[in-house]
Amino acid sequence: MKKSIILILLALVAVTGQAQTNNPRGLYKLTEVIHQDGKHVEAGFKQYKYCQENFSLMFNYSPTYFVNQPFTFNITNPDGKPLVFTGELSKTENKGIQVFGMSDSTFTLRWFNDRGHINDRLFPYQTNIDEIYELVNDSTDAILRSLNLLQMKLESKQHRLQGIWKLRGKQQTNTTTSQYWIERSNQEIYQIFGSHEMLTVYANTGFPKRSMQCGFNPCTYLSETVFDCDGHVAIVNWFDSGTISMTTIDDKGHPNVTIWDRCGLPENIQKTFGTDTPQMKKDISRFFTDEFEKKYGSLPDSVCRAYETFDFAVDANERNNAIFPVLMRCGFENEYKAMKDSLLARLMRCEIDADEAVGRYVYWFYKNFDRHTSCSSRFFRRQRSETLINYRELISEYAPEPVGCKVDGETYLLRLPSCGGDFPTWEWMLKKEKEFKQSGCKYLILDLRGNPGGSDEFSEFWAGMMCDCSAMNDQRYFYRNTTVNNKMLKEFCDAMPGSFFDRVLAETDSTEEGSLINWMTIEKGTVEYTPLVRKGAIIIDNWSASAAESPVELVRNYSKSHAKVYGRERTNGCEQTGNVNAVRLPNSDITLWFPMTVDETFEEACKERSPGYKPDVIIPLPYPKKLTDNIDEWVLWVAKKMKKR
């Protein structure tokens, strides 16, 4: 029994001795300073030791008078090596740095002041100084919160601003919505946003051998675009998820706009704190004033403004247009780049102005691929008019009006000049539905000539009567996840809470900026239709656009034998994209429009370079003499043709 007690005591001594000789690890705060003669003195500063295997960093700063007030602190590596347990060697002799008095939460650091008269009150010259350190466990401690940010311990992300941002520079014209004409920052400055604080890091390439300065600020997020640091409000403009402008007001009441890019800290800092945050990959050189002058020389302000207008259009289209990534992976990248570079070169030589450069750029997309991609430049409008057929020159009266009537005893005509809800109204549609069902007609003609689109509900309401089966093919639609597009998506969610828009918006948070994500999927074999007619016909022309093209896609996927599409030309070419967004170009009155969603079938269709759907049956007649509220020659021909099938 006695022997067992002795063994237990020996084991306890061994464990205790092992605990006492551990090297300090973690963040410790200076709590006491004791002179060699036993005198306790109060430090007029805050000091911390961050102890790791290969180094020991020191954080120090002068305290503020108010809790949670902003302050600036330095991080140094004074000894260039880690703190190692030595045990207490001497109180009176110069034994270098001693580390002893170790426990789970404290240690004592003794050092001999042979460095000079630093501060005779605190650190008497030629004497030993004891500093007592206590492990920091208080989660509200500002230095611990700062260290967590440097280590990218951001807690749960409560705001999209959280993370690391690098200062690109000052916006010279103080235009918050423009990235252009940036005066480059002469120092690498980073801001790390946490859940309730923001840390400014003034990077030093010599760190940790040389000191680095940081600034701590309490931070309150007031909205997605506004935050408050110690009573100083900053307004954020999101260019995308990786670039923002911050607007603050200086002491004289003047705005100050800076541009920031999401970016990891420099590698030397990351290596010190054990992080690996991706560096910025985007090319931002074109936004700097010095880079612009290096490439083009000193040019008049008018040319600089034209450059910004054109480059803004290109950037907005590449970043937000749902068809852009599809075109790039379908083999059009080289042609696109050559077109873009040629227009920029001509613009910078003053051979064309911004209106023409933007117009030609957008027209390449419009003519070859998608009619939802458009703009309001004067040059573009001229080019567009040459692309579409001008029916008003071919038909003396081309002004379709709503029509719902019998063509003959078995055929009913429904002409929709618009799906916008006002010409005709939904009430008119319901009235005509009742009239059609009471007519006993077994043949239905849906005339969509001249219809610029609107809501699919109007056109598909009638096309569905011609469908006779479930989906013969899968239908997939994709949404381009971007900051600009998500603003409109949020408006959709607010207008229709509880809809599938909520699911799409939630998915954007975990998806890379610019990627295509699922908007809607209709699987093969779903959505069963029962036909209400023996045969159905849809008449289209080159002005049938968007929602006026949707019935063509509908009947081709949901009708095996009941419906055909009639006409002479392709439809307009908007149906495979949708949900149009818009941006205003700087230094101009030009608006750029682009689709936020794209149909899966666009990937094959774009290779034809001919937007729109072809008719199933070509009408061999000349254009009718007029198209208003009448029953024209084409309708009579289609009514007769339907009965022969």
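Preceding this section is the structure that the text describes.
Okay, so let's go over this structure. (Residues numbered from 1 in each chain as written. Predicted model: local features only at pLDDT ≥ 70, side-chain atom pairs only at ≥ 80, totals over all residues. Heavy atoms only, no water.)

**Regarding the sheet that holds strand 26 (residues 563-567)**
- Reading across the sheet, the six strands line up as 20-21-22-25-26-29 and stay open at both edges, with mixed pairing between neighbours. Whereas interior strands pair on both sides, the edge strands pair on one side only; in this sheet they are strand 20 (403-406) and strand 29 (617-618).
- Alignment of strand 20 against strand 21 (residues 411-415), held across four bridges, turns out to be antiparallel. Following the sheet pairing, G404 is matched in strand 21 by L414. (Pairing = 2+ DSSP bridges. Helix = DSSP H or I, 4+ residues; strand = E, 2+ residues; numbered from the N terminus.)

**Quick word on the packing of helix 5 (residues 301-320) against helix 8 (residues 354-368)**
- For the pair helix 5 and helix 8, the least separation of the axes is 8 Å and the interaxial angle reads 20°. What the angle tells us is that helix 5 and helix 8 run roughly parallel. The interaxial crossing formed by helix 5 with helix 8 has right-handed handedness. Of helix 8, the residues touching helix 5 (which contributes A306, T309, F310, A313, V314, N317 and E318) are A354, A357, V358, Y361 and F365.
- Classifying every residue of the contact of helix 5 with helix 8 gives nine nonpolar, two polar and one charged. (Axes fitted to C-alpha atoms, helices over the stretch in contact; angles between N-to-C directions. Parallel < 35°, antiparallel > 145°, perpendicular 65-115°, else oblique. Left-handed = near helix turned anticlockwise from the far one by under 90°. Contact = heavy atoms within 4.5 Å. Nonpolar A, V, L, I, M, F, W, Y, C, P; charged D, E, K, R; others polar.)

**Topic: the environment of L265**
- Positionally, L265 belongs in the loop between strand 17 (255-262) and helix 3 (267-273).
- In this structure L265 comes out as buried when scored by relative accessible area, which is 1%.
- Expressed as a C-alpha distance, the spacing of L265 and M280, which sit 15 residues apart in the sequence, is 9.8 Å. (Buried < 20%, exposed > 50% of the residue type's maximum accessible area, 1.4 Å probe, protein only.)

**Let's talk about a nonpolar patch on the surface**
- A surface patch of nonpolar side chains, about 270 Å² in accessible area, is lined by L222, V233 and I235.
- Here L222 is to be found in the loop between strand 13 (212-221) and strand 14 (226-229). (Patch = residues over 30% accessible without salt bridge, like charges linked within 9 Å, V, L, I, M, F, W, Y side chains within 5 Å. Areas by Shrake-Rupley, 256 points an atom, 1.4 Å probe, with all protein chains shown as cover. Salt bridge = Lys/Arg side-chain N within 4 Å of Asp/Glu carboxyl O.)

**Some thoughts on the pairing of strand 22 (residues 443-447)**
- A large share of strand 22 lies buried, amounting to five of its five residues.
- On strand 22, burial covers both faces: Y443, I445 and D447 on one face and L444 and L446 on the other are all buried.
- With five bridges connecting them, strand 21 and strand 22 associate as parallel partners. Within strand 22, the position partnered with T411 by the bridge is Y443.
- Each parallel crossover has a hand, and for strand 21 linked through helix 11 (residues 426-439) to strand 22 it is right-handed.
- Direction of pairing for strand 22 relative to strand 25 (residues 535-539): parallel, over a ladder of five bridges. Directly across from L446, in strand 25, lies its bridge partner I538. (Right-handed = clockwise from strand over helix to strand, strands pointing away.)

**Quick word on the packing of aromatic side chains**
- The full count for this structure, using the stated rule, is 50 aromatic pairs.
- Between F207 and F273, the ring centres sit 6.1 Å apart and the planes meet at 20°, which makes this aromatic pair stacked. With F207 in the loop between strand 12 (197-202) and strand 13 and F273 in helix 3, this pair connects stretches of sequence that are 66 residues apart. Summarising the burial analysis for this pair, F207 and F273 share the class buried.
- For the pair Y391 and Y623, a centre-to-centre distance of 5.8 Å together with 70° between the ring planes defines the contact as edge-to-face. Linking Y391 in helix 10 (residues 391-394) with Y623 in the loop between strand 29 and strand 30 (626-627), this pair joins segments that are 232 residues apart in sequence.
- Residue classification places Y391 among the buried residues on the basis of a relative accessible area of 1%.
- Through a chain of ring-to-ring contacts, the aromatic side chains of F310, F324, F332, Y336, Y361, W364, F365 and F369 assemble into a single cluster.
- The positively charged end of R160 is found above the aromatic ring belonging to W238, 3.8 Å away from the centroid.
- Lying over the aromatic face of Y366, R371 brings its terminal NZ or CZ to 5.0 Å of the ring centre. (Phe/Tyr/Trp six-rings, centres within 6.5 Å; stacked < 30°, edge-to-face > 60°. Lys NZ or Arg CZ within 6 Å of the ring centre and 35° of its normal.)

**A closer look at the pattern of salt bridges**
- One pass over the full model with this rule turns up 38 salt bridges.
- Across the pair R160 and E224 runs a salt bridge whose closest N-O atoms are separated by 3.6 Å. Placement of R160 in the loop between helix 2 (142-150) and strand 9 (163-171) and of E224 in the loop between strand 13 and strand 14 is noted, with a sequence separation of 64 residues between them.
- Taking the relative accessible area as the measure of exposure, R160 reaches 24% and is therefore partly exposed.
- A residue is classified by how much of its surface remains accessible, and E224, at 32% relative accessible area, is partly exposed.
- The partner of D447 in a salt bridge is R415, with the nearest N and O atoms 2.9 Å apart. In this pair, D447 sits in strand 22 while R415 sits in strand 21, placing the two residues 32 residues apart along the sequence.
- Overall, the relative accessible area of 0% leaves D447 in the buried class.
- A single salt-bridge network, built from bridges that share partners, covers D240, K282, R286, D311, D315 and R319.

**Observations regarding the environment of D468**
- Along the chain, D468 turns up in the loop between helix 12 (456-463) and strand 23 (475-480).
- Along the chain, D468 and P531 lie 63 residues apart, while their C-alpha atoms are 4.9 Å from each other.
- Residues within four places of D468 in sequence aside, it is in contact with Y529, P531, Y558, S559, K560, S561 and H562.
- Among the polar contacts made by the side chain of D468, one reaches the side chain of H562 at a distance of 2.6 Å. (Polar contact = N/O pair within 3.5 Å; in protein donor to acceptor, adjacent residues only side chain to side chain.)

**Thoughts on the state of the cysteines**
- Counted under the stated rule, the structure contains zero disulfides.
- Between C219, a cysteine without a disulfide, and C229, which holds the nearest cysteine sulfur, the sulfur-to-sulfur distance is 4.1 Å. (Disulfide = S-S within 2.5 Å.)

**A few points about the side chain of R449**
- Structurally, the position occupied by R449 is in the loop between strand 22 and helix 12.
- Judged by its relative accessible area of 3%, R449 falls in the buried class.
- At 2.6 Å, the side chain of R449 forms a polar contact with the side chain of D447.
- A distance of 2.8 Å separates the side chain of R449 from the side chain of D632, its partner in a polar contact.

**Some thoughts on the pairing of strand 21**
- Most of strand 21 is tucked away, with five of its five residues classed as buried.
- The two faces of strand 21 match: T411, L413 and R415 on one face and Y412 and L414 on the other face are all buried.
- Counting the residues between successive antiparallel strands, the hairpin from strand 20 to strand 21 contains four residues.

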